Each structure stands twice: as C-alpha cells, then as structure tokens.
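Each chain is listed here by its residues.
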Amino acid sequence: MQSDTRKKLLDLFSEANGDFISGQKISDILGCSRTAVWKHIEDLRKEGFELEAVRRLGYRIVSTPDKITENEIRLGLKTNTLGQTIHFQEEVTSTQKIAHQLAHEGAKEGTLVVAELQTAGRGRMDRTWFSPKGTGVWMSLILRPPIPPQKTPQLTLLSAVAIAQAIQEVTGLVPDIKWPNDILMNGKKCVGILTELQADPDRVHSVIIGMGLNVNHEREQFPEEIRDIATSLAIEKGEKINRARLIQEVMLKLETLYRQYLQHGFMPIKLLWEGYAISIGKEITARTLNGTIRGWARGITEEGVLILEDHDGAIHYIHSADISV
Amino acid sequence: MMLKIQEIREIIKLIDQSSIEEFVYEHDGTKVHMKKPNGNVPVEAVVKTVVEPAPKVVVKEEVPQAPAKPASAVQEVKQEEKPKQEAVNVENLHKITSPMVGTFYAAPSPDSPPYVKVGDKIKSDTVVCIIEAMKLFNEIEAEINGEIVEILVQNGQLVEYGQPLFLVKPE
C-alpha cells in the first residue's frame, strides 16, 4: 500500500497519457511545494521509471520499469473498483492464500493481490503452478457478488473471457478457451484460473479468482515435463509483453463483463465465451474421478454446463471434468 | 432432487430403528410418505409422484413431530425408547447439504487423507469437503459442532443442490 500523494501523482500521469504535466500543476494538485514534487519524481526514477523533464513543459513518463508493483499497475488503470486496492508483495507462498486472508478480514470487492514470485503457486487439487520471478502475472482478485452461491461457477467462464479479451487487446493474439476456463495458444496452456468460493448456504462471502498468466517466459524457462503443454504470450508473440499493461487490461475487461453479468445475467457472457471456445463441435474426452466419457461437445447450457453427446446419442451434462480434445 | 432407491432404503432402515412413527418428504412434485402402524412394526413406504409443473427452488424436508395418534400414548412410547435409540435417531441428526450442483471431493487432493471421517468431532468452521463445479471450488464448512455419523456420498460423485452430504450428531 502506498501514500495518497504517490497515488495522486500516478493518477495524474495516467490521465496525461504520456503528455507533459507542468510542475506547477503537479504541485497544485498534490498540494505540496515544487521542491517536494521534484523529490517525488526522483523517487519514481529510483524505482525504475524513466521520466523526461523539460523546462516550461514539465514532466512526462517515458517508460515504466518491467515491474508490477502498485506503481506500474496504477499508472494507466482505468477501472472504478477492480484493482483499485492493490497488495503487491515481491515474494509470496501463493497470492490465493493472501487473498483468502484479506477477504476474511473484510477486504473490499476489487482488492487485488499481486506477486513477482510465488514459492507455492497453487493449481487445482493442490497441484503446483510453475510461477518463477519476473516472467508471469500471478494474482488473485476478491469479488463479493450479490448472487446465490449456486450461480458462482459462471464467474469462472466470465474470468476466462475477460482474460482472453485482455490478451487480444494487449498482444493482438487471439487465444482459445477450453471448457470451462483454460486459456490456450496453439493448443498449449498459457493461463490457468483457480476460483474459490466462501459462502454460507444462501449467501456469498467472497469469490477469489486466482489467475496465473505465463507472459514473458522463454521456452527454456519451463520445466521439461511441461514444455510441450505450456507456453507464454512472449513465445507466441515473439516479443516481450508489458505485464503491468496486461494486468490493467484484465482488470478493465473483468470489471466490464462483471457489471454486464450482474445486470443481464450469464447470456451475454455465454455468447462471448462461445466466440473463444475451442472444443465445441469437436470430439472430446471428459475425465472425471468416476470415469471417462468420450463424445461430441454440443455446447454449453445457459448455466455454463458442458453438453456432451456420447456415441450412443445419450446427452451428458458435465459439471466438472478435465477435457482433452 | 429425486431420492434414489438406496436413499429410500436407508431412510426406511433408520426409521425402522427409530421411534419415528411417520415420515413425509416432499420435493419437486415427489412425495415420500412412510408410516408405522405402531412403534414396533416395520414401516411400509409409499412413493407417489404428483403432477406439479413448476419446480420449487427451495429444498424442503419435513419430519413431522406429531403423528396422527393420541398424543399422550405416543409421548410415553417415545420417552421409553429414547435413551437406547439416540445413536440412530434421525430426528436428532443434522444434515450438511450441498449449496450447489457439483462434484463432491472428500479430500483436498487425490493423495491426501479425507477432510473428515465417521466418528470425527467437528466444529462449525471445520472444512468437511469440497464441492467443485466448472473449476470453482467451494470448501464446505460444517456450520455446526458435533460428530460425523455418516457420509452419504462417494468421493467424485456428482451431487445436487440441497443434497445431504453428511449426517452429524450435534453437540
């Protein structure tokens, strides 16, 4: 968490969008002296920001460091609530764990936990998620949706759509979504989403959306056993991606879709999801703890449940399974 | 949620061993009515489905306390039977139900021991299982202090909204 002055300063540069802001304007808005402004600017430089200072014009931000601390995320963040409270830590066991704790302590909706390094990044069923330093985006977002608990699984499809849209916006790459919420590039996984719910039988306390995005990994940085099934956006794009920008865009898309969802329900989200869906219409295998069903993916229901038609023509409604194409 | 035949069989067994004289369960147009002529004769079960197009949203389970018998006589029978029947008296057992449709996981991962087993003492914030749907994981807390008497579902089983998962003897 950072000071109000720092927040205001970054908001100001966000609005300027790369243009100059005069030192006088900054000192007026921050309510401090020109000398103090200079000191704040120096602080930003020390943290890796490149700032240009021109007489009569003022200051402008030329480039931001390849970091994802609160500074970089806030600079250019266009949301109203999501990501407006940021808990950045250099190293954590898992962002999900911290988000749980914050949620329990009453953290506001939209609180975002971000880390450079996860020492115990978690996937489903306590599987580990490979999350080395400086390469990816490891974050967990707290939502408090006013919906009944049995509807919350739809938020996992919503998250997948938001991240797919954000990737498309920032990189130009068009990812695929594999039911319900794996994000793939050329058949390899680049984003994992783990969503956890805290609820009474009739009331949601919090939904915590854990997102792991492989952004700037080189191929060699992946452990050998996952090299053929995992990829990063940089590998696919052929250049490094600005992670802070990607986080901002994910927050913005999530906020937009989430509002739409609360207002109009799952239908608009379903249509967007189908636009990215990779396995619909194809023959797939659904693996569950109780066995495997092979058949044709016929689509999803209005609740997001996968419709699978087996070779005898019987329809199965799949609520949970690992899908392989 | 339709009751499965095993579940009906289980209920018959439990009622048979208990001092309950009459049991009515109604949901989604299906009504299960069981009645004992008196406390000692085995029950006969009647399952009938009535036409009721609009499904109810809320699961209702009722165990009527007052049987259609002279109240005083029944009271006496109940009081006599209570001490030895307590362990299997469904009237006193609390059900932990599923808050959503999904897969029941008894353990945090395939290699871990289950969250709880029969005989375990639980507190209201004890995690008893996970229900997962569409990769959303819901750690279910007991919401009651007591002891696990029975686990009604299998690991990996698909459970319905409102389906009983555990029977708990409250403390």
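Residues numbered from 1 in each chain as written. Chains lettered and ligands numbered in written order. Predicted model: local features only at pLDDT ≥ 70, side-chain atom pairs only at ≥ 80, totals over all residues. Heavy atoms only, no water.

S.K.: Please explain the sheet that holds strand 7 (residues 121-122) of chain B as it appears in this structure.
M.R.: Pairing between the strands of a sheet comes from backbone hydrogen bonds, and it takes one of two forms, parallel or antiparallel. All names here are of chain B. Strand order in the open sheet formed by four strands is 5-12-10-7, with antiparallel pairing between adjacent strands. Two strands lie at the open edges of the sheet, namely strand 5 (94-97) and strand 7, each paired on one side alone. Where strand 10 (residues 146-151) lies against strand 12 (residues 164-170), five bridges are found, and the strand directions are antiparallel. What sits directly across from Ile 151, in strand 12, is Phe 166. (Pairing = 2+ DSSP bridges. Helix = DSSP H or I, 4+ residues; strand = E, 2+ residues; numbered from the N terminus.)

S.K.: So what exactly am I meant to see when it comes to the sheet that holds strand 10 (residues 283-288) of chain A here?
M.R.: Residues and elements named next belong to chain A. With respect to topology, five strands assemble into an open sheet ordered 13-12-11-10-14, the strand pairing being antiparallel. With one partner strand each, in any of the chains shown, strand 13 (315-318) and strand 14 (322-324) form the two edges of the open sheet. Between one strand axis and the next, the sheet turns by 45° as a mean value, whatever way the strands run. Bridge count for strand 12 (residues 306-310) against strand 13 is four bridges, and the pairing is antiparallel. Across the sheet, residue Leu 306 finds its bridge partner in strand 13, namely Ile 318. (Axes fitted to C-alpha atoms, helices over the stretch in contact; angles between N-to-C directions.)

S.K.: Mind showing me how you'd approach the interface of chain B and chain A here?
M.R.: For interface size, the figure often reported is the accessible area lost on association. Of the residues lining the interface, 23 residues belong to chain B; the matching set on chain A comes to 29 residues. A combined buried area of about 2,300 Å² lies between chain B and chain A, and 62% of that area is made up of carbon and sulfur atoms. Sorting the residues of chain B by area buried against chain A places Met 134, Lys 135 and Phe 137 of chain B first, and these three jointly supply 38% of that buried surface. At the boundary of chain B with chain A, the tally comes to one salt bridge. Lys 135 of chain B is the partner of Asp 322 of chain A in a salt bridge, and the nearest nitrogen-oxygen pair spans 3.5 Å. Inspection of the region where chain B meets chain A yields seven residue pairs in polar contact (both at pLDDT 80 or more). The set of elements that each furnish at least two residues to the side of chain B that touches chain A consists of strand 6 (102-105), strand 8 (127-133) and strand 9 (136-141) of chain B. Considering each element in turn, the side of chain B that touches chain A owes the most residues, four residues, to strand 9 of chain B. Of the residues in the side of chain B that touches chain A, the class split is 13 nonpolar, six polar and four charged. (Contact = heavy atoms within 4.5 Å. Buried area = accessible area lost by both parts, 1.4 Å probe. Salt bridge = Lys/Arg side-chain N within 4 Å of Asp/Glu carboxyl O. Polar contact = N/O pair within 3.5 Å; in protein donor to acceptor, adjacent residues only side chain to side chain. Nonpolar A, V, L, I, M, F, W, Y, C, P; charged D, E, K, R; others polar.)

S.K.: Even after reading the chapter, I still don't get unusual backbone geometry, so can you show me in this structure?
M.R.: Leaving glycine out, the prevailing phi sign among residues is negative, and the prevailing peptide bond configuration is trans. Cis geometry marks the peptide bond from Trp 179 of chain A to Pro 180 of chain A; its omega dihedral reads -5°. Relative to the helices and strands, Pro 180 of chain A is located in the loop between strand 6 (176-178) and strand 7 (182-185). A positive phi angle is found at Met 134 of chain B, which is not glycine, with a value near 50°. For Met 134 of chain B, the position within the fold is in the loop between strand 8 and strand 9. Not every positive phi belongs to a glycine, and Glu 143 of chain B is a case in point at roughly 60°. You can see Glu 143 of chain B is positioned in the loop between strand 9 and strand 10.

S.K.: What am I meant to see in the confidence of the model for chain B here?
M.R.: Caution applies to low-pLDDT parts of the model: their predicted coordinates are not meant to be read in detail. Residues and elements named next belong to chain B. Per-chain confidence: chain B averages 74 in pLDDT, with 65% of residues scoring 70 or above. Low confidence marks residues 39-87, where pLDDT is under 50. Its contacts with residues over four positions away, or in another chain, come to 71 contacts. Interface scoring of the predicted complex returns ipTM 0.83; its pTM is 0.75. (pLDDT = per-residue confidence, 0-100.)

S.K.: Teacher, can you tell me more about the packing of aromatic side chains here?
M.R.: Here the distance between the centres and the angle between the planes together describe a pair of aromatic rings. Residue and element names in this part refer to chain B. Applying the stated criterion across every chain yields a total of one aromatic pair over all chains. Relative to Phe 166, the ring of Phe 104 has its centre 5.9 Å away and its plane inclined at 55°; by these criteria the two rings are tilted. On the criterion of sequence distance, the pair formed by Phe 104 in strand 6 and Phe 166 in strand 12 is long-range, its members being 62 residues apart. (Phe/Tyr/Trp six-rings, centres within 6.5 Å; stacked < 30°, edge-to-face > 60°.)

S.K.: Any chance you could explain the packing of helix 1 (residues 4-16) of chain A against helix 3 (residues 34-46) of chain A here in plain terms?
M.R.: Describing two packed helices takes the angle between their axes plus the distance from one axis to the other. Residues and elements named next belong to chain A. Between helix 1 and helix 3, whose axes approach to 11 Å, the crossing angle comes to 80°. Between helix 1 and helix 3, the crossing angle belongs to the class labelled roughly perpendicular. Residues Thr 5, Arg 6, Leu 9, Leu 10 and Phe 13 of helix 1 lie in contact with helix 3, whose contacting residues are His 40, Ile 41, Asp 43 and Leu 44. Partitioned by chemical class, the residues of the contact of helix 1 with helix 3 number five nonpolar, two polar and two charged. (Parallel < 35°, antiparallel > 145°, perpendicular 65-115°, else oblique.)

S.K.: Looking at this structure, how should I read the nonpolar core?
M.R.: Generally speaking, soluble globular proteins have nonpolar side chains that are buried together. Among the nonpolar cores identified, the biggest contains 86 residues, and Met 211 and Met 251 of chain A together with Phe 166 of chain B are the most heavily contacted of them. The element contributing the most residues to this core is helix 6 (residues 154-171) of chain A, with ten residues. Here this core spans two domains, since at least three of its residues come from each of domain 2 (70-276) and domain 3 (283-324) of chain A. Residues contacting Met 251 of chain A, with those up to four places away along its chain left out, are Leu 77, Thr 79, Leu 82, Gly 83, Leu 112, Met 139, Leu 141 and Met 211 of chain A. Counting 16 residues, the second-largest nonpolar core is a separate cluster that includes Leu 10, Ala 16, Ile 26 and Leu 44 of chain A. (Core = buried A, V, L, I, M, F, W, Y, C linked by side-chain atoms within 4.5 Å. Buried < 20%, exposed > 50% of the residue type's maximum accessible area, 1.4 Å probe, protein only. Domains from an automatic or database assignment.)

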